[in-house]
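Structure at a glance
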Amino acid sequence: MSKFGVLVMGPAGAGKSTFCTALIQHLQNNKRPCYYVNLDPAAEEFAFEPDIDIKDLISLEDVMEEMSLGPNGGLIYCFEFLLENLDFLTDPLEEVTDEYLIIFDMPGQIELYTHVPILPNLVKHLMRGSLNINMCAAYLLESTFIIDRPKFFAGTLSAMSAMLMLEMPHVNILSKMDLVKGRVAKRDLKRFLNPDADLVDEDPSWRPGKDQEELEEGRTDGDPASTKNVMAGTSFYRLNKAVAQLIDDFSMVSFLKLDAQDEDSVGAVLSYIDDAIQYHEAQEPKEPRDDIDTNIIESAMGD
Ligand SMILES: Nc1nc2c(ncn2[C@@H]2O[C@H](COP(=O)(O)OP(=O)(O)OP(=O)(O)O)[C@@H](O)[C@H]2O)c(=O)[nH]1
């Protein structure tokens, strides 16, 4: 028997816990069972009480105090401790049946996904062995990043890095879409959903061509500070362009839109998660699936 799970990840404040809450609410509204696992040892308040809470094993606050560690070192200590005491997580998960969607709410420190091999190890234990959970990652990036294009591409690079580190199906999500409604043209938004390197050239806050020309022709005002600014600006532009081009060339990252307050939007993202983990294929045929609303699925694709 398979089990099914989603690892909700992303930078601090991306909206992970809000998405978990919205997802649980949506599953409950649709009479689907879910199992909520909090793996953030610093999380304090929950709209739904977790079925497993890492804080019952170890809390970041205690680790920081007792081991004299900072928040990032403390978090890594907590995850190493979890890996040494994996029964805490795996024993209760053994009992979870294939109808459940197991939701893992992760901490926001992206070092966990990009720098150290702790999370890949944890994922291997969950996906292989006796648990055999069909898992995908839901990587959230805040949609307001698209207002600042270098920030958006840096965030997209972190999503790509997590995809490469974790080697599992990924559903990338631009969260908090309600905050950019009306601020970005629909046509432009589609280019962020499938990141397009030319967005860097068209960034209204950059004048790379003009700055570069001025520098080459010695037309800066002669002030060394101003020349340095132009040079730094040009290098920053080149770096951003190279990062964006890398992302574009790999064609690995595309985003779904999410407004956690909108149940249709949550349902659309869930459809992609279900597809990635092949949830429906494993369920007993209960009733015909012509109930799926294709309009909802299209709404996440940017139409
Ligand atoms: N407008 C808007 N705000 C949101 C949305 N989702 C989350 N927020 C807000 O964003 C802030 C951070 O949300 P969280 O869900 O706590 O984010 P997180 O990723 O779990 O944060 P960490 O656990 O600290 O990494 C909160 O103030 C939320 O109310 C959304 O869809 N729209």
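Keep in mind that this is a model prediction, so the values were computed, not measured. (Residues numbered from 1 in each chain as written. Predicted model: local features only at pLDDT ≥ 70, side-chain atom pairs only at ≥ 80, totals over all residues.)

**Brief notes about the site of the ligand**
Put simply, the rule is: Put plainly, near means the residue's C-beta atom, positioned from the backbone, lies within 6 Å of the molecule or strand in question. Each helix corresponds to a stretch of at least 4 residues labelled H or I by DSSP, and each strand to a stretch of at least 2 residues labelled E; elements are numbered beginning at the N terminus. Ten residue types, Ala, Val, Leu, Ile, Met, Phe, Trp, Tyr, Cys and Pro, are classed as nonpolar, four, Asp, Glu, Lys and Arg, as charged, and the remainder, Gly among them, as polar.
Neighbouring residues of the ligand: 17 residues in total, closest Gly15, Lys16, Ser17, Thr18 and Gly108. Broken down by element, the shell around the ligand gets its largest block of residues, 3 residues, from helix α1 (residues 16–29). Classifying every residue of the shell around the ligand by side-chain character gives 4 nonpolar, 8 polar and 5 charged.

**Comments concerning the packing of helix α3 (residues 71–84) against helix α6 (residues 118–127)**
To keep things clear, this is the line we draw: Helix axes are fitted only over the stretch in contact, all axes being lines through C-alpha atoms; the angle between N-to-C directions runs from 0 to 180 degrees. In these notes the angle categories are as follows: under 35 degrees is roughly parallel, over 145 is roughly antiparallel, 65 to 115 is roughly perpendicular, and the rest is oblique. Each crossing is labelled by how the near helix is turned from the far one, with a counterclockwise turn of less than a right angle marking it left-handed and a clockwise turn marking it right-handed. Note that contacts rest on C-beta atoms placed from the backbone: two residues are in contact if these are within 7 Å.
Running from N to C, α3 and α6 cross one another at 25 degrees; their axes reach a closest spacing of 10 Å. Compared by their axis directions, α3 and α6 come out roughly parallel. Considering the relative orientation of α3 and α6, their crossing is left-handed. Residues Ile76, Phe79, Glu80 and Leu83 of α3 form the contact with α6, whose own contacting residues are Ile118, Asn121 and Leu122. Considering only residue class, the contact of α3 with α6 consists of 5 nonpolar, 1 polar and 1 charged.

**A word on the nonpolar core**
The following threshold applies: For the purposes of this analysis, a nonpolar core is taken to be any set of buried Ala, Val, Leu, Ile, Met, Phe, Trp, Tyr and Cys residues that are connected through C-beta atoms within 7 Å. To sort residues by exposure, count the other C-beta atoms lying within 10 Å of each residue's C-beta; 20 or more gives buried, 12 or fewer gives exposed, and values between give partly exposed, all with C-beta atoms placed from the backbone.
Among the nonpolar cores identified, the biggest contains 69 residues, and Val6, Val8, Ile103, Ala138 and Ile173 are the most heavily contacted of them. Residues contacting isoleucine 103, with those up to four places away along its chain left out, are Val6, Val8, Cys20, Leu23, Ile24, Cys34, Tyr36 and Val37.

**Some points on the environment of alanine 159**
Topologically, alanine 159 is positioned in helix α7 (residues 149–166). Assessed through the 27 C-beta atoms surrounding it within 10 Å, alanine 159 is described here as buried. Sequence-distant contacts of alanine 159, that is, excluding residues within four places in its chain, are made with Tyr139, Leu141, Asn172 and Val253.

**Quick look at the pairing of strand β2 (residues 34–38)**
Inclusion rule: DSSP calls a pair of strands paired once it identifies at least 2 bridges connecting them.
Of all 5 residues making up β2, 5 are buried, and the element is well covered by its neighbours. With burial as the criterion, each face of β2 is covered, one bearing Cys34, Tyr36 and Asn38 and the other bearing Tyr35 and Val37. Sheet topology note: the β2/strand β4 (residues 101–105) ladder contains 5 bridges and is parallel. For cysteine 34, the partnering residue across the bridge sits in β4 and is leucine 101. Here β2 runs beside strand β3 (residues 52–53); their pairing, made up of 2 bridges, is parallel. Residue asparagine 38 lies in a different strand from β3, and its bridge partner there is aspartate 53.

**Digging into the packing of helix α2 (residues 60–67) against α3**
Packed helices, taken two at a time, are described by the angle their axes make and the gap between the axes. Two numbers describe how α2 lies on α3: the axes approach to 9 Å, and their chain directions differ by 110 degrees. Here α2 lies roughly perpendicular to α3, going by the angle between them. Handedness of the α2/α3 crossing: right-handed. Here Leu60, Val63, Met64 and Met67 of α2 lie close against α3, whose contacting residues are Pro71, Gly74, Leu75, Tyr77 and Cys78. Here the contact of α2 with α3 is built from residues that sort into 8 nonpolar, 1 polar and no charged.

**Section: the domain arrangement of the chain**
Rules: These domain boundaries are the output of an automatic or database domain assignment.
Under the domain assignment used here, the chain contains domain 1 (3–195 + 253–301) and domain 2 (197–250). Sorting elements by how many residues they give to the side of domain 1 that touches domain 2 places α7 first, with 6 residues. Residues belonging to the side of domain 1 that touches domain 2 are distributed by class as follows: 6 nonpolar, 1 polar and 2 charged.

**Let's talk about the sheet that holds strand β6 (residues 170–175)**
Taken in spatial order, the 7 strands make up an open sheet running β3-β2-β4-β1-β5-β6-β7, and their pairing is parallel. Of all the strands in the sheet, the pair left with one neighbour each is β3 and β7 (255–257). Of the strands in this sheet, β1 (3–9) and β5 (133–142) touch α6, which is tilted by about 145 degrees from β5. Across the sheet, α7 lies against β1, β5 and β6, angled at about 165 degrees from β5, the strand it touches most.

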